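Listed below, chain by chain, are the residues.
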Amino acid sequence: MKAAVVNEFKQKLEIKEVEKPSLDYGEVLVKIEACGVCHTDLHAAHGDWPVKPKLPLIPGHEGVGIVTEVGEGVKSVKVGDRVGIPWLYSACGECEYCLSGQETLCPHQLNGGYSIDGGYAEYCKAPADYVARIPKHLDPVEIAPILCAGVTTYKALKISGAKPGDWVAIYGIGGLGHIALQYAKAMGFNVVAVDISDEKSQLAKQLGADIAINGLEKDPVEAIHQEVGGVQASISVAVTKIAFEQAYQSVKRGGTLVVVGLPHDTLPIPIFNTVLNGVTVKGSIVGTRKDMQEAIDFVARGKVRANIETAPLEKINEVFEQMEKGKINGRIVLTID
Ligand code: NAD
Ligand code: ZN
Ligand code: ZN
């Protein structure tokens with residue numbers, strides 16, 4: 001089968017023929033129709049993080065396709081079903097985190113397109129119990145970004161402590177952020193969107209942001225405190241340290257910073273302000289299978305819609321270049337024929 005492969009960090013991906021995966025107990029084979037390109041895939045290809053992915057690697061954790069084969073023991077999924085293969089590729093199902101509804105913290109989890117091959121390929125296999133079920137009427141291209149960008153930002157908002165009517169700030173209106181702001185609106189929050197270009201501000205406005213700020217033109221922290229008195233929650237989905245610092249400073253007393261973006265960096269937090277203002281800082285990693293069902297349901301009901309451009313799998317290196325320059329308006333979804 002055809003796949004895009006990372007052979008070495010910081011090198012171009014190679015489009016090549018590799019062996020089609022063979023199924024083990026409980027697994028399904030999926031013919032991939034579409035796979036979104038997440039900035040995490042770029043981190044993986046660069047080896048950016050302290051925990052490195054496998055090499056060679058087929059990236060991709062927003063793969064959607066049709067089940068063409070089911071392994072021994074599979075009962076819940078059948079041939080012909082449309083499913084998605086997410087970052088939470090599998091978990092142990094038995095540890096304290098799995099048992100308490102926190103499977104995204106499972107220390108034994110495998111991650112699609114990172115510790116195991118993912119969706120930048122004609123076929124991908126996955127454990128039936130962990131694939132996302134995609135309602136029949138949804139377009140695979142449209143749903144692909146929900147597999148990561150959608151569920152991740154929905155979950156971050158869910159745990160942010162913000163209530164309907166509260167103000168939230170989204171820092172970084174990229175693949176994750178442009179969807180985050182739609183979930184935020186659908187959940188009843190008022191939204192300030194911050195990025196560093198006029199195109200991103202325009203996109204944010206189009207998608208319903210109440211206030212859109214170009215952080216290169218004015219100081220977002222000052223503007224947020226002046227215009228809305230600070231936000232109840234800030235979600236940082238940018239890939240630069242300064243956005244996290246500003247996101248922290250944008251929260252009002254009693255507010256929460258949810259850390260989602262993953263630059264390999266540290267976030268210095270002022271102890272005095274954190275204590276006196278009762279600020280909470282939380283990390284958030286993708287979402288559970290239940291969060292996934294909920295995130296998909298928003299799309300199925302027409303409340304959230306990713307802004308998508310498609311590109312053939314063969315163009316992945318060009319897509320990564322565009323992503324590095326911050327030039328993508330929403331999400332690029334690879335199509336695989
Ligand atoms: P992206 O490249 O599509 O978007 C990043 C956005 O941040 C761009 O629009 C860019 O212009 C903007 N940005 C850059 N500097 C900024 C600044 N100073 N202020 C405001 N915005 C700024 O990337 P993405 O696919 O949305 O992923 C974002 C990050 O989230 C990546 O680090 C990725 O690895 C991480 N991620 C985390 C999780 C999780 O579960 N925690 C899940 C998926 C992705
Ligand atoms: Zn992702
Ligand atoms: Zn576990």
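Everything discussed here concerns the structure shown above.
A quick note: this is a predicted structure, and the numbers were derived from the prediction, not measured.

Trainee: Outline the overall build of the protein, supporting the account with residue identities and numerical values.
Mentor: Of the regular secondary structure elements, the protein holds 11 helices and 17 strands. The C-alpha radius of gyration computed for the protein amounts to 19 Å, which stays within 12% of the reference 20 Å derived for 337 residues, consistent with globular compactness. Once the C-alpha set of the protein is aligned to its principal axes, its extents read approximately 60 × 40 × 40 Å. Within the protein, the proportion of its 337 residues that are buried is 55%. Partitioning the contacts of the protein with sequence separation of at least 6, the portion at a separation of at least 24 is 68%. Carbon and sulfur atoms make up 51% of the accessible area of the protein, which amounts to about 14,600 Å² in all.

Trainee: Quick one: what's the story with the environment of A169, residue by residue and with numbers?
Mentor: If you trace the backbone, A169 turns up in strand 10 (residues 167–171). Along the primary structure A169 and A193 are separated by 24 residues, whereas in three dimensions their C-alpha atoms are 5.8 Å apart. Setting aside residues up to four positions removed in sequence, A169 forms contacts with V192, I224, V231, A233, S234 and I235.

Trainee: I'd like a description of the coordination of the zinc ion (ligand 2), backed by residues and values.
Mentor: For the zinc ion (ligand 2), every protein donor is listed as C38 (SG), H61 (NE2) and C148 (SG), and the spread of their distances is 2.0 to 2.2 Å. By relative accessible area, which is 1% here, H61 ends up buried.

Trainee: Explain the packing of aromatic side chains residue by residue, including any values.
Mentor: Within the structure shown, the criterion is met by five aromatic pairs. Ring centres of Y183 and F298 lie 5.2 Å apart, and the angle between their planes is 65 degrees; this geometry places the pair in the edge-to-face category. Of this pair, Y183 sits in helix 5 (residues 177–186) while F298 sits in helix 10 (residues 289–300), and the two are 115 residues apart along the sequence. Using a relative accessible area of 0% as the deciding quantity, one classes Y183 as buried. Accessibility expressed as a relative area gives 16% for F298, which makes it buried. Chaining the aromatic ring pairs together yields one cluster made of W49, W87 and Y114.

Trainee: Just give me the short version of the nonpolar core, but keep the residues and values in it.
Mentor: Counting 91 residues, the largest nonpolar core has Y120, I146, L157, V168, I170, Y183 and I316 as the members making the most contacts within it. No other element matches strand 3 (residues 27–36), which puts six residues into this core. Residues contacting I146, with those up to four places away along its chain left out, are V151, I179, Y183, M292, A295, I296, V299 and V304. Formed by 18 residues, the second largest nonpolar core is a distinct cluster that contains Y171, V192, I213 and L257.

Trainee: Describe the coordination of the zinc ion (ligand 3), listing the residues and the values that go with them.
Mentor: Donor atoms from the polypeptide that coordinate the zinc ion (ligand 3) comprise C92 (SG), C95 (SG), C98 (SG) and C106 (SG), at 2.3 to 2.4 Å from the metal. In primary sequence terms, the donor set of the zinc ion (ligand 3) follows C-x2-C-x2-C-x7-C. Of the two residues, C92 sits in the loop between strand 6 (88–90) and helix 2 (96–99) while C106 sits in the loop between helix 2 and strand 7 (110–111), which places them 14 residues apart along the sequence. Given a relative accessible area of 31%, C92 falls into the partly exposed group.

Trainee: Quick rundown of the site of ligand 1? Include the residues and the values.
Mentor: For ligand 1, the set of nearby residues contains 30 residues, the closest of which are H39, T40, D195, V286 and R331. Within the contact set of ligand 1, an oxygen atom lies 3.4 Å away from a backbone nitrogen or oxygen of G174. For ligand 1, whose accessible area on its own is 870 Å², the fraction buried by protein is 93%. Put simply, the parts of the chain that give the shell around ligand 1 at least two residues each are helix 1 (39–46), strand 11 (190–195) and helix 8 (241–250). Element by element, the count of residues in the shell around ligand 1 is highest for helix 1, at three residues. Among the residues forming the shell around ligand 1, the class breakdown is 17 nonpolar, 10 polar and three charged.

Trainee: Would you mind going over the sheet that holds strand 10 in detail, with residue names and values included?
Mentor: Spatially, 12-11-10-13-14-15 is the arrangement adopted by the six strands of the open sheet, whose pairing is parallel. Looking at strand neighbours, the two that pair on one side only are strand 12 (211–214) and strand 15 (280–283), the edges of this open sheet. Adjacent strand axes in the sheet meet at a mean angle of 15 degrees, parallel and antiparallel pairs treated alike. Each of strand 11 and strand 12 touches helix 6 (residues 198–206); the most contacted strand, strand 12, lies at about 175 degrees to it.

Trainee: Give me the lowdown on the state of the cysteines, citing residues and values where you can.
Mentor: Taken as a whole and judged by the stated rule, the model has zero disulfides. C124 supplies the cysteine sulfur nearest to C35, a cysteine that is in no disulfide, at a spacing of 8.2 Å.

Trainee: Explain the packing of helix 4 (residues 149–158) against helix 10 residue by residue, including any values.
Mentor: Taken N-terminus to C-terminus, the directions of helix 4 and helix 10 make an angle of 105 degrees; their axes are 9 Å apart at the nearest point. In terms of axis orientation, helix 4 runs roughly perpendicular to helix 10. Along its contact with helix 4, which presents G150, V151, Y154, K155 and K158, the element helix 10 presents D291, M292, E294, A295 and F298. Taken together, the residues of the contact of helix 4 with helix 10 break down into five nonpolar, one polar and four charged.

Basis of the calculations
- Residues numbered from 1 in each chain as written.
- Chains lettered and ligands numbered in written order.
- Predicted model: local features only at pLDDT ≥ 70, side-chain atom pairs only at ≥ 80, totals over all residues.
- Heavy atoms only, no water.
- Helix = DSSP H or I, 4+ residues; strand = E, 2+ residues; numbered from the N terminus.
- Rg over C-alpha atoms; globule rule 2.2 N^0.38 Å.
- Buried < 20%, exposed > 50% of the residue type's maximum accessible area, 1.4 Å probe, protein only.
- Contact = heavy atoms within 4.5 Å.
- Areas by Shrake-Rupley, 256 points an atom, 1.4 Å probe, with all protein chains shown as cover.
- Donors = N, O, S within 2.8 Å, 3.2 Å for Na, K, Ca; no water.
- Phe/Tyr/Trp six-rings, centres within 6.5 Å; stacked < 30°, edge-to-face > 60°.
- Core = buried A, V, L, I, M, F, W, Y, C linked by side-chain atoms within 4.5 Å.
- Near = heavy atom within 4 Å.
- Polar contact = N/O pair within 3.5 Å; in protein donor to acceptor, adjacent residues only side chain to side chain.
- Nonpolar A, V, L, I, M, F, W, Y, C, P; charged D, E, K, R; others polar.
- Pairing = 2+ DSSP bridges.
- Axes fitted to C-alpha atoms, helices over the stretch in contact; angles between N-to-C directions.
- Disulfide = S-S within 2.5 Å.
- Parallel < 35°, antiparallel > 145°, perpendicular 65-115°, else oblique.

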